[in-house]
Amino acid sequence: MSNPGRIREKKKQWEEHLVKPSLEKFGIDESPARFYTPADIEGFDFEEKVGFPGAYPFTAGNYAVPAPGVAPSVGSGFQDTGKGLVRAGQYSGYGTPENTRDYYREMISMGQLGGPNLAFQLPTQCGYDSDHPKAEGEVGKTGVAIDSLRDMEIVYEPFVGDMNLDKIATNWTINAPASMILAMYVALAEKRGISPAKLRGTVQNDILKEFSGRGTQIFPPRPSMRLVRDVMVYCTKNMPMFNFISCCTAHIRGAGCTREQAVGFLLANAAAYIQLGVDAGLDVDLFMRRFSFLGIGGSMEPLKEVAAIRAMRRMFAKIMKERFHAKDPRSMMMKSNLWARTQEAEYTIQRPLNNLTRSVMGGMAAALCGATPSSGMGFPYDEPLGLGHSNEAWQLQRDAARIIQFESGICEVLDPLAGSYYIESLTNQIEKDAWEIYDKIETMGGSVAATENGWIQREIARSAYEQQKRIETGEKVMVGANSFNGKEEVEVTTQRAVSHPYDPGKRAEAEQIQIANLKKLKKERDNGEVEKCLCRLGEAAKDENINLMPLILKAVKAYATIGEMSDALKGVFGEFQPYNI
């Protein structure tokens, strides 16, 4: 057994006789690299700090044995496919519902196995119909335009037979109007004679990170949390195979927060949501089965990202065991398909093929923390070039993940960095820093209070400023963007031999077509029934104890629009007003 005191003494001698002369030789005050020893993890307890994969505290990963044969396939995106797995496909959607429907038909013909993983246009995310003045110029741009049940019916037309709603999984990156999108899917399933209990998928429904990272909130924080609770309760009682939330700080990370902040904020947000379920009278070991996560974003520093993931898993297990008194070990496990990864904010529009190398770093980080490489690789290299990714870029992305997974052998070992003096020391330090952030939020009254008083937003703004300053001064190197971009460098471009899956002409026409279709819908539906449903929804919103999901479902079935339902709730909840940070 190593003697920490003796090692520290030996390190001093090493620094004096070897490090110091080298620093003087190079004319620098500090080495650009550190060396770690057993003294950096003095008192390290394997069982307490790491444990075994699939067992508390889950530092080493969620599963004792990885699923065999799981790998990227056409249209799978981050969602690797394999025998027995039912998963959604790659994140996608653009233009009108008809455009997205046709895209899925093409992807299915190419071999896509998963259901839609829908990207929504910004007006939909913000509670506006496509004919609202604020939606002008935005319809169908960042995702598909969804205004009513009619639009969901069209998007899911290709998913029938062996790919019917009870045989696929579907995901939606939607938050403020999550209850409305969920209700549309339930209504669609019931029209097809499928019970909601048979539906599988994930709705993001993570509203807290919208206030601090993305800005697509509709209502103030507390009534927004009420809607999260209503979805949570409804799904737990009626949709036992559906994930009612996907806690995600990738957006906050992209907005500029540090990895330590990302861990602290994510766990504080998760605790706020879990408390909602407990306060609603749900059994924590029951509803946590469908409580999921979507990672914490990432960076170009894979070892630090691996340490952050290990710390986060350990912290979450402790929170569930000690704060929420979970008994089932599965409740202490962070369920996610994204762990360490490359954040798209690290990509550059300059020399875009370099982004493939950046994504490979994320793939390696994912593999080193117990995930499949594709889950850590972010979006394809052409992400900065515009919404939607070329088929060539996806092919390169899949192949890179396959090379890591099947040619490198890195996936043959679970938590391969466990026991590393550096990794264990860094995991401990990130955990310590993240606990300080988590505890500070809890002393304020939790994430909702820390959002209402603007503290989280201010912290992110401060970190974002520091990060941008490092980029602009060149302290943070971004190859081809702020460094290595002289005249002697070659600007490598790409040739696209395959047509882009998103038709730019259709996207340009989407707004006019969608508005016309919406006008037709409003003319042909039973507007008297719609008005009754909206009035009932508004009245029910006044009573905190009423779950609004059944009333939203009735309104959806009458073909009320997202904008109309949002307006009905704004009349009671009010509309979010930005905080002065």
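Scroll up for the structure.
### Re the environment of Gly256
Here Gly256 is to be found in the loop between α9 (250–255) and α10 (259–279). Along the chain, Gly256 and Glu491 lie 235 residues apart, while their C-alpha atoms are 28 Å from each other. Not counting chain neighbours up to four residues away, the residues in contact with Gly256 comprise Ile460, Ser463, Ala464 and Gln467.

### Re the nonpolar core
Ranked by internal contacts, the top residues of the largest apolar core, which has 135 residues, are Tyr156, Trp172, Tyr273, Phe291 and Leu548. Residues contacting Tyr273, with those up to four places away along its chain left out, are Asp206, Ile207, Leu208, Lys209, Met225, Val228, Met232, Ile245, Cys247 and Phe291. Judged by nonpolar contacts, the second largest core, of six residues, contains Leu356, Tyr381, Ala393 and Ala401.

### Regarding the packing of aromatic side chains
Throughout the structure, instances matching the rule amount to 21 aromatic pairs. An angle of 50 degrees between the planes, with centres 5.1 Å apart, marks the rings of Tyr156 and Tyr185 as tilted. Here Tyr185 lies in helix α6 (residues 178–191) and Tyr156 lies in the loop between α5 (149–155) and β3 (169–172), a separation of 29 residues in the sequence. Under the relative-accessibility criterion, Tyr156 is labelled buried at 0%. With a centroid separation of 6.4 Å and an interplanar angle of 50 degrees, the aromatic rings of Tyr185 and Phe242 are classed as tilted. Within this pair, whereas Tyr185 is found in helix α6, its partner Phe242 is found in strand β5 (residues 242–243), the two being separated by 57 residues in sequence. For Phe242, a relative accessible area of 0% corresponds to the buried category. Across the ring face of Trp339, the terminal group of Arg313 is positioned such that the distance to the ring centre comes to 4.9 Å.

### A word on the sheet that holds strand β7 (residues 291–293)
Here three strands make up an open sheet; going across it, the order is β6-β7-β8 and the pairing parallel. At either margin of the open sheet sits one strand with a lone partner, and together these are β6 (245–247) and β8 (335–336). Both β6 and β7 contribute to a ladder of three bridges, which runs parallel. Across the sheet, residue Cys247 finds its bridge partner in β7, namely Phe293. Contacting β6 and β7, α10 runs over the sheet at an angle of about 165 degrees to β7.

### Some remarks on the pairing of strand β1 (residues 88–92)
Taken across its five residues, β1 has four buried, putting it largely inside the fold. The pairing of β1 with strand β2 (residues 115–118) spans three bridges and is parallel. Bridge pairing in β2 places Ala88 opposite Gly115. The β-α-β motif built from β1, the intervening helix α3 (residues 97–109) and the parallel element β2 has right-handed crossover chirality.

### Structural notes on the packing of helix α12 (residues 302–323) against helix α15 (residues 421–443)
When two helices pack together, their arrangement is captured by the angle between the axes and the distance separating the axes. Running from N to C, α12 and α15 cross one another at 50 degrees; their axes reach a closest spacing of 8 Å. Between α12 and α15, the angle is such that the two are oblique. Where α12 crosses over α15, the handedness of that crossing is right-handed. Along its contact with α12, which presents Leu303, Lys304, Ala307, Ala308, Arg310, Ala311, Arg314, Met315, Lys318, Ile319 and Arg323, the element α15 presents Tyr422, Ile423, Glu424, Leu426, Thr427, Asn428, Ile430, Glu431, Ala434, Trp435, Tyr438 and Glu442. Among the residues making up the contact of α12 with α15, the classes are represented as 13 nonpolar, two polar and eight charged.

### As for the layout of surface pockets
Of the voids in this model, the second largest pocket is the one considered here, and its volume is about 810 Å³. Those elements that provide at least two residues to the lining of the second largest pocket are α9, α10, α13 (354–368), α15 and α17 (455–473). Here the lining of the second largest pocket gets five residues from one element, more than from any other, and that element is α15. Tallied by class, the residues present in the lining of the second largest pocket amount to ten nonpolar, twelve polar and eleven charged.

### Considerations on the sheet that holds strand β4 (residues 200–203)
Strands pair in a sheet through their backbones, by hydrogen bonds, and they do so in one of two ways: parallel or antiparallel. Across the sheet, which stays open at both edges, the five strands sit in the order β1-β2-β3-β4-β5 with parallel pairing between neighbours. Lying at the two open borders of the sheet, with one neighbouring strand each, are β1 and β5. Pairing geometry for β2 and β3, over two bridges, is parallel. Counted as the bridge partner of Leu118 is Trp172 from β3.

### As for the side chain of Lys209
Within the fold, Lys209 resides in helix α7 (residues 208–214). Classification of Lys209 as buried rests on a relative accessible area of 0%. At 2.8 Å, the side chain of Lys209 forms a polar contact with the side chain of Gln204. In this view, Lys209 contacts Asn175, Gln204, Arg214, Cys248, His251, Ile252, Asn269 and Tyr273; residues no more than four positions away in its chain are not counted.

### Focus: empty space enclosed by the protein
Applying the stated criterion across every chain yields a total of two cavities of 30 Å³ or more. A volume near 50 Å³ is recorded for the second largest cavity. As for the second largest cavity, its lining consists of Asn175, Ala176, Ala178, Ser179, Asn205, Ile207, Ser224, Leu227 and Val228. Every element with two or more residues in the lining of the second largest cavity is listed here: α6 and α8 (221–238). Each residue belonging to the lining of the second largest cavity can be placed in one class, and the counts come to five nonpolar, four polar and no charged.

Conventions used here
In this numbering scheme, every chain counts its residues from 1 along its sequence in written order. Only residues with pLDDT of at least 70 get local features here, since the model is predicted, and only at 80 or more are side-chain atom pairs given and counted; chain-wide, interface and lining totals rely on the full set of residues. Values reported for side chains reflect all heavy atoms of the structure, with hydrogen atoms and water molecules removed beforehand. Only DSSP runs of H or I reaching four residues or more are called helices, and only runs of E reaching two or more are called strands; each is numbered from the N terminus. Contact definition: two residues touch when any of their heavy atoms are within 4.5 Å. For this analysis, a nonpolar core means a set of buried residues of the types Ala, Val, Leu, Ile, Met, Phe, Trp, Tyr and Cys, connected via side-chain atoms within 4.5 Å. With a 1.4 Å probe rolled over the protein chains alone, any residue whose accessible area is under 20% of its type maximum counts as buried; one over 50% counts as exposed, and the rest are partly exposed. Working definition: rings of Phe, Tyr and Trp (its six-membered ring) pair if their centres are within 6.5 Å, and the pair is stacked with planes under 30 degrees apart, edge-to-face with planes over 60 apart, and tilted otherwise. Criterion for a charge above a ring: Lys NZ or Arg CZ within 6 Å of the ring centre, and within 35 degrees of the ring normal. When DSSP finds at least two bridges between two strands, those strands are taken to pair. Lines fitted to the C-alpha atoms define the axes, with helices restricted to the stretch that makes contact. Angles between their N-to-C directions range from 0 to 180 degrees. When the strands point away from the viewer and the connection leading from the first strand across the helix to the second strand turns clockwise, the crossover is called right-handed. Working rule for angles: under 35 degrees goes down as roughly parallel, over 145 as roughly antiparallel, 65 to 115 as roughly perpendicular, anything else as oblique. Crossings are classed by handedness, with left-handed meaning an anticlockwise turn of the near helix from the far one by less than a right angle and right-handed meaning a clockwise turn. Residues are grouped as follows: Ala, Val, Leu, Ile, Met, Phe, Trp, Tyr, Cys and Pro are nonpolar; Asp, Glu, Lys and Arg are charged; all remaining types, including Gly, are polar. Computed over the protein atoms alone on a 1 Å grid, cavities are sets of points where a 1.4 Å probe fits but cannot get out and pockets are open sets with protein on both sides within 12 Å along at least five of seven lines; a residue lines them when it has an atom within 4 Å of a point. Grid points are joined across faces, edges and corners, and a volume is the space filled by probe spheres set on the points. Counting of polar contacts relies on pairs of N or O atoms within 3.5 Å, with two restrictions inside protein: one atom must be capable of donating a hydrogen and the other of accepting it, and residues adjacent in sequence are counted only when both atoms are side-chain atoms.

Geometry only, nothing functional implied.
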